[in-house]
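Chain by chain, the residues run as shown.
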Amino acid sequence: MAVSLMSGGVGATLEEVRRVKAPKAQKRWYPISHGEMVDVVKNAIDQAGLTITEESYGLMGKGGEKFFGTFAVTSPQLQESNEAGTQTAPYRLMIGVRNSIDKSMAAGICFGARVMVCDNLCFSGEVTVMKKHTKGIMRVLPQAALQAVKQFPGFLERQDRLFKRLREVTPGNSPVEIVGTPTADGGMEYRIKAQAKPVDHILMEAYRLGVIPSSGIGQVYEVWKNPPHDEFKIASAWSLFNAFTEYLKKIQGENPEVAASRSIRLTGLFAKMYMPAV
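Residues numbered from 1 in each chain as written. Predicted model: local features only at pLDDT ≥ 70, side-chain atom pairs only at ≥ 80, totals over all residues. Heavy atoms only, no water.

## Focus on the overall build of the protein
Move 1: Scanning the protein from N- to C-terminus turns up 9 helices and 8 strands.
Move 2: Going through the 278 residues of the protein one by one, you find that 46% of them count as buried.
Move 3: The contacts in the protein between residues at least 6 apart in sequence include a share of 64% that link residues at least 24 apart.
Move 4: Put simply, the protein shows about 13,900 Å² of open surface, and 52% of that area lies on carbon and sulfur atoms. (Helix = DSSP H or I, 4+ residues; strand = E, 2+ residues; numbered from the N terminus. Buried < 20%, exposed > 50% of the residue type's maximum accessible area, 1.4 Å probe, protein only. Contact = heavy atoms within 4.5 Å. Areas by Shrake-Rupley, 256 points an atom, 1.4 Å probe, with all protein chains shown as cover.)

## Topic: the packing of aromatic side chains
Move 1: Applying the stated criterion across every chain, the model contains 11 aromatic pairs.
Move 2: A ring pair is formed by Phe 244 and Phe 270, whose centres lie 5.8 Å apart and whose planes are at 75°; its orientation type is edge-to-face. On the criterion of sequence distance, the pair formed by Phe 244 in helix H8 (residues 237-254) and Phe 270 in helix H9 (residues 256-274) is long-range, its members being 26 residues apart. Neither residue differs from the other here; Phe 244 and Phe 270 are each classed as buried.
Move 3: Within the aromatic cluster, the residues linked to one another by ring pairs are Phe 163, Phe 232, Trp 238, Phe 241, Phe 244, Phe 270 and Tyr 274. (Phe/Tyr/Trp six-rings, centres within 6.5 Å; stacked < 30°, edge-to-face > 60°.)

## Quick word on the environment of Tyr 221
Move 1: Relative to the helices and strands, Tyr 221 resides in helix H7 (residues 214-225).
Move 2: Judged by its relative accessible area of 37%, Tyr 221 is partly exposed.
Move 3: In this structure the C-alpha to C-alpha distance between Tyr 221 and Phe 244, which are 23 residues apart in sequence, comes to 8.6 Å.
Move 4: Apart from residues lying up to four places away in sequence, Tyr 221 is in contact with Val 199 and Leu 203.

## Looking at the nonpolar core
Move 1: Among the nonpolar cores identified, the biggest contains 35 residues, and Met 37, Val 41, Phe 71 and Ile 95 are the most heavily contacted of them.
Move 2: At the level of elements, helix H1 (14-19), helix H2 (34-47), strand S2 (51-60), strand S3 (66-74), strand S4 (91-100), strand S5 (107-115), helix H4 (137-149) and helix H5 (152-168) are the ones that each hand at least two residues to this core.
Move 3: By residue number, the principal contributor to this core is H4, which donates 7 residues.
Move 4: Beyond its immediate sequence surroundings of up to four residues, Val 41 is in contact with Phe 71, Ile 95, Val 97 and Ile 109.
Move 5: If you look at the next biggest cluster of nonpolar residues, it comprises 30 residues, including Ala 206, Ile 212, Trp 224 and Leu 266. (Core = buried A, V, L, I, M, F, W, Y, C linked by side-chain atoms within 4.5 Å.)

## Some words on H7
Move 1: Within H7, burial applies to Gly 216, Ile 217, Val 220 and Trp 224. The arc that holds the buried residues of H7, viewed along the axis, is 115°, so those residues lie on one side. (Arc of directions from axis to C-beta.)

## Observations regarding the pairing of S2
Move 1: Bridge analysis of S2 against S3 gives 9 bridges, and the strand direction is antiparallel. By the bridge assignment for S3, Ile 52 is matched with Val 73.
Move 2: Counting the residues in the hairpin turn of S2 and S3 gives 5 residues, including Gly 61, whose phi is positive at 100°. (Pairing = 2+ DSSP bridges.)

## Looking at the pattern of salt bridges
Move 1: Overall, the coordinates contain 7 salt bridges when judged by the stated rule.
Move 2: The shortest N-O distance in the salt bridge between Arg 18 and Asp 39 comes to 2.7 Å. Residue Arg 18 is found in helix H1, and its partner Asp 39 is found in helix H2; the two are separated by 21 residues along the sequence.
Move 3: The partner of Arg 165 in a salt bridge is Glu 168, with the nearest N and O atoms 3.6 Å apart. Highlighted residues: Arg 165 and Glu 168, both in helix H5, separated by 3 residues, approximately one helical turn. (Salt bridge = Lys/Arg side-chain N within 4 Å of Asp/Glu carboxyl O.)

## Focus on unusual backbone geometry
Move 1: Although it is not a glycine, Lys 27 adopts a positive phi angle of roughly 50°.
Move 2: Inspection of the secondary structure puts Lys 27 in the loop between H1 and H2.
Move 3: Classification of Lys 27 as exposed rests on a relative accessible area of 82%.
Move 4: Even without being glycine, Lys 103 reaches a positive phi, approximately 70°.
Move 5: Relative to the helices and strands, Lys 103 resides in the loop between S4 and S5.
Move 6: Of the residues examined, Lys 103 reaches a relative accessible area of 52% and is grouped as exposed.

## Digging into the packing of H2 against H4
Move 1: Relative to each other, H2 and H4 sit at 40°, their axes nearing to 8 Å. As judged from the angle between their axes, H2 and H4 are oblique. Of the two possible hands of crossing, H2 and H4 adopt the one that is right-handed. Across from Glu 36, Met 37, Val 40, Ala 44, Ile 45 and Gln 47 in H2, the residues of H4 making contact are Met 138, Leu 141, Pro 142, Ala 145, Leu 146 and Val 149.
Move 2: Considering only residue class, the contact of H2 with H4 consists of 10 nonpolar, 1 polar and 1 charged. (Axes fitted to C-alpha atoms, helices over the stretch in contact; angles between N-to-C directions. Parallel < 35°, antiparallel > 145°, perpendicular 65-115°, else oblique. Left-handed = near helix turned anticlockwise from the far one by under 90°. Nonpolar A, V, L, I, M, F, W, Y, C, P; charged D, E, K, R; others polar.)

This is the structure:
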């Protein structure tokens, strides 16, 4: 499956990606080919016991100097939770990968998820690998990629916990709520329940963080008020989160690197806003 990219970029097959060769090393710069980067990530996924179910590639630049790809992966753990309906919302784990052969960006890997009902993609900055093209990169990159991919079970658990929390909360003004939980000795343990933030506050915070431009504030709000999917017609933080990812979907088609960066900030914002303190 190919991805549509910005002007000067095209969706690409794996064969086309492999045809782009890395130039010779210069002083401290040791570029690797896009094909080598793909092989590093695929090997890490295989060694971690995951299975690739879908892969997408794109090239940018006159000679394909910039590369961005995504892998949809699954595992027995994820398959069981989807089939049993124990996940908050069925989704696929995504691994994003990037590389360049023109010194424009480091080789990188990040984790994300694609919600099945709307095909919206969101990335998390929780698990990332960024390596500059310096001498010995192919000695350290494979191990770094494997260590990152091995964090899949923990990432999956935290991602599902965040998604579940977002479905429980309705954005809006609300007082601080004290929640009591019975303890084993018959007493009560109290904590402050996460306070719901008003929608306008979240929109402005997303703008300040660079998740969306000022022109996107109204567009995200409109999608939240009139969602294109029945799944998001309940006015929850989950539907607001997906209104943002629906907006970022357009950027994904124009510039996946920028979309991934903004998505990481978005996920971090909602985790900060809505995950209750432990």
